[in-house]
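# Chain and residue survey
Next come the chains, spelled out residue by residue.
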Amino acid sequence: MARVLTRPSQVALLYVCVSYAFGSALFSNGLVLSSAYAAEAQLWTINGFLVWAATVATTILWTSKVRAKDLASHQEFKPSETKSTLLAATAAVFSILFYLLDEYVLFVFGLSAFLLAVASSKSLSIYSYPFYLASLAALSIPAINSKRLLIFPVIIAALMLANMGRLSKSVAFSIATLGTLAILFFSVLRGYGGLEVTNASELWNATGNYIRSDYFFSGFGNNTEVNYFYFHGVNSIELFIREDIFVYGETIAKSVLLGMSRLGLEHGLRSGIEIYTTAYAPAFRVIGGSFPISFFSEMFLNFWVFSFVATPFVLFLFDRIFFVLQKLSPATFGLAASFLFLHAFLLLIRGSSFDVFALNLIYSVFGILFARFLFLFRGRRRSKRRHYALEME
């Protein structure tokens, strides 16, 4: 069952449906911090809901069946606690470098090593704990302003453990609890609730006061990005219909031509974020601001009414890629590669746009190959030393 639910199409459906359900409840009860968002939502028609509901329905129908050969495991996992510990140490090094240098590619390299470390471990080794904690600690400070840097990797690791059949109820509960606490702590540190914090004990007390305040549900909707995700996901479709904005696959084409701008060849193509923000808040876009829109909204922007067919087809295609990656050899490498792909896809669902998704994929390929060949090279050296020792006997 876990292998069926952890593929891209089902993760997308769960993420979008849960976010929209909570977002709708918060907006319906006036638990929204932004008065501009609340006022805009009053003008919505039923069109946005119909687009979302139709797309979700066709996606469920298209992706409901999974081929038995995709779910069949043809490889045996060969865990190595030594390899897992060394990979965890590599992940910690890259996480620390990311914190110091603020280069996103270092984060992806660290995540690649982290996922391969988890996949290579039969059970999370106690020797790996210090390195996992070091990675989390290094990511915690930048995560105050961008929680997905910490929360998304933990979610992906939990999904991967579930896919392997190694996620117990106690571990799942612990991850959910710690993740919720992390969101609350980071939110208080960012100033939600207007509470000053100078040390750990004050942070704990301030978080408790924040939870008990009347402000909590409105703030928590922002903390979890549910309000933003729901509002801009629905509002973008309303705006595209109202303004007759349709870009004929432009944002997808931009991801394909991603490298041209790096070579100085400007193609003039725009991302979904750029198109929506320019139309919704042009003054905000001029100063470099942006509002992300969901994957479903960006598909509608590119394919209009045909998104009802295009969206489930793309999700079906991503499922196929996910299963193909899982069959790569060795099994631990295939598993880590598939969930690194799922991480990039989760960012796309959240609203990173196709060009950022493509960039994440490029970084991910180099990251997972680096982690793989680093220890492949080490293994070959060790094999040569053994061979040389036998010859000397």
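Scroll up for the structure.
What counts, and at which threshold
Residues numbered from 1 in each chain as written. Predicted model: local features only at pLDDT ≥ 70, side-chain atom pairs only at ≥ 80, totals over all residues. Heavy atoms only, no water. Core = buried A, V, L, I, M, F, W, Y, C linked by side-chain atoms within 4.5 Å. Buried < 20%, exposed > 50% of the residue type's maximum accessible area, 1.4 Å probe, protein only. Helix = DSSP H or I, 4+ residues; strand = E, 2+ residues; numbered from the N terminus. Contact = heavy atoms within 4.5 Å. Salt bridge = Lys/Arg side-chain N within 4 Å of Asp/Glu carboxyl O. Expected span 1.5 Å × (residues − 1).

### Focus on the nonpolar core
- Core analysis: the biggest nonpolar cluster contains 76 residues, and Leu115, Phe240, Phe295 and Phe345 have the highest contact counts within it.
- Among the elements that line this core, the one with the most residues is helix H20 (residues 331–350), at 14 residues.
- Discounting chain neighbours no more than four positions away, the residues touching Leu115 are Ile156, Ala157, Met160, Ala336, Phe339 and Leu340.
- Of all hydrophobic cores here, the second largest spans 15 residues; its members include Phe94, Phe109, Ile144 and Leu149.

### Regarding the pattern of salt bridges
- Within this structure, the stated rule accounts for five salt bridges.
- Ionic pairing is found between Lys254 and Asp355, a salt bridge with its closest N-O pair at 3.7 Å. With Lys254 in helix H14 (residues 250–256) and Asp355 in helix H21 (residues 353–392), this pair connects stretches of sequence that are 101 residues apart.
- Residue classification places Asp355 among the buried positions, given a relative accessible area of 12%.

### Some remarks on the environment of Leu258
- Within the secondary structure, Leu258 is located in helix H15 (residues 258–262).
- Overall, the relative accessible area of 14% leaves Leu258 in the buried class.
- Along the backbone, Leu258 and Glu274 are 16 residues apart, and their C-alpha atoms lie at a distance of 15 Å.
- If we ignore the near neighbours within four places in the chain, the residues touching Leu258 are Asp355, Ala358, Leu359 and Ile362.

### Quick notes on helix H11 (residues 200–212)
- In this model, H11 (13 residues) spans 19 Å end to end at C-alpha, consistent with the 18 Å of a helix rising 1.5 Å per residue.
- When H11 is considered as a whole, its buried residues turn out to be Leu203, Ala206, Thr207, Gly208 and Tyr210.
- Residues of H11 that are buried in the fold lie against helix H10 (169–189) and helix H12 (216–223).

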